[in-house]
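Okay, here's what each chain looks like letter by letter:
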Amino acid sequence: MKTNQSGLDIVLVHHPVVNKVGEIIGSAVTNLDIHDIARAGKTYGVDNYYIVTPYEDQHKLVAEILEHWDSGHGAKYNPARKEALELVTLADSLERVVEMVTEKRGHKPLLLSTSARTQEKTLSYTDVRARIRAKESLLLLFGTAHGLAPEVMETTDYCIPPVGANSGYNHLSVRSAVSIILDRLLGV
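Owing to the predicted nature of the structure, the values given are computational and were not obtained by experimental measurement.

Here we come to the overall build of the chain. Scanning the chain from terminus to terminus reveals eight helices and eight strands. With respect to the three principal axes, the spread of C-alpha positions in the chain is 45 × 40 × 35 Å. Split into buried and exposed, the 188 residues of the chain put 46% on the buried side. At a minimum sequence separation of 6, the contacts of the chain that also span at least 24 residues come to 80%. When the accessible area of the chain is evaluated, it comes to approximately 9,600 Å², of which 50% is carbon and sulfur surface. The distance from the centre of the 20 positive side-chain charges to the centre of the 23 negative ones in the chain is 7 Å.

Structure representation (structure tokens):
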């Protein structure tokens with residue numbers, strides 16, 4: 001696992017998340033999320049990209065995709081993709097990710113959630129950028145499906161402001177949201 005030392009790690013949570021009626025579910029890992037988020041993370045200097053799912057079949061799928069790009073035909077075909085996918089680490093739970101980051105950094109990271117709705121404990125992009133510049137350890141969580149489950153939101157220290165415009169529509173793909181947020185936090 002390569003480290004750029006920005007202090008910022010990102011997490012794509014597939015469980016527990018909510019569906020459109022608010023039920024707690026586990027969502028499927030998608031090939032595009034693996035690739036595109038890793039590429040965005042590498043572009044903006046994220047240290048690590050964690051994918052959280054408790055499902056064994058999803059672990060197998062991710063492992064096969066990563067192997068293809070690490071040592072299979074994909075490694076020769078597209079070395080830039082291989083480099084980006086080196087950021088990816090798979091985990092069974094968010095708790096395990098926090099343990100790994102805490103062990104690596106020597107202290108627990110600040111947990112930041114994302115949501116399409118404004119939350120009570122919000123930390124501005126300006127404040128998060130200042131913490132990144134100060135090299136604080138930050139773990140930025142993104143939810144799949146219709147967002148992070150309430151139990152996850154309750155464990156985070158802050159939520160960052162939602163991505164949005166004045167269109168009245170706010171249901172971006174997680175890949176798009178990650179890219180926009182990384183640009184707001186780490187872009188020029």
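Residue position: Glu 95 is located in helix α5 (residues 94–105). With 35 residues separating them in the primary sequence, Glu 95 and Ala 130 have C-alpha atoms 26 Å apart.

Relative to the elements of secondary structure, Ser 27 occurs in the loop between β3 (24–25) and α1 (31–44). Residue Ser 27 is classed as buried on the basis of its relative accessible area, which comes to 12%. Side chain to side chain, Ser 27 and Thr 144 meet in a polar contact 2.4 Å long.

Buried residues of helix α6 (residues 125–133): Tyr 125, Val 128 and Ile 132, and no others. Angular distribution of buried residues about the axis of α6 spans 65°; they occupy a single face of the element. At its buried positions, α6 is contacted by β1 (8–13), β6 (110–113), β7 (138–143) and α8 (174–186). Directly beyond the C-terminal end of α6, a positive phi value near 65° is found at Lys 135.

Hydrogen bonding along the main chain pairs the strands of a sheet, whether they run parallel or antiparallel. With parallel pairing, the six strands of this open sheet are ordered in space as β5-β4-β1-β7-β6-β8. The sheet is open, and its two edges are formed by β5 (88–91) and β8 (158–159), each paired on a single side. With two bridges connecting them, β6 and β8 associate as parallel partners. Across the sheet, residue Ser 113 finds its bridge partner in β8, namely Cys 159. Sheet strands in contact with α5 are β1, β4 (48–52), β5, β6 and β7, and its direction is about 155° off that of β4. Packed onto the sheet, α6 meets β1, β6, β7 and β8 and runs at close to 135° relative to β7.

Rules and cut-offs
- Residues numbered from 1 in each chain as written.
- Predicted model: local features only at pLDDT ≥ 70, side-chain atom pairs only at ≥ 80, totals over all residues.
- Heavy atoms only, no water.
- Helix = DSSP H or I, 4+ residues; strand = E, 2+ residues; numbered from the N terminus.
- Buried < 20%, exposed > 50% of the residue type's maximum accessible area, 1.4 Å probe, protein only.
- Contact = heavy atoms within 4.5 Å.
- Areas by Shrake-Rupley, 256 points an atom, 1.4 Å probe, with all protein chains shown as cover.
- Lys, Arg positive; Asp, Glu negative; His and termini not counted.
- Charge placed at Lys NZ, Arg CZ, Asp CG, Glu CD.
- Polar contact = N/O pair within 3.5 Å; in protein donor to acceptor, adjacent residues only side chain to side chain.
- Arc of directions from axis to C-beta.
- Pairing = 2+ DSSP bridges.
- Axes fitted to C-alpha atoms, helices over the stretch in contact; angles between N-to-C directions.

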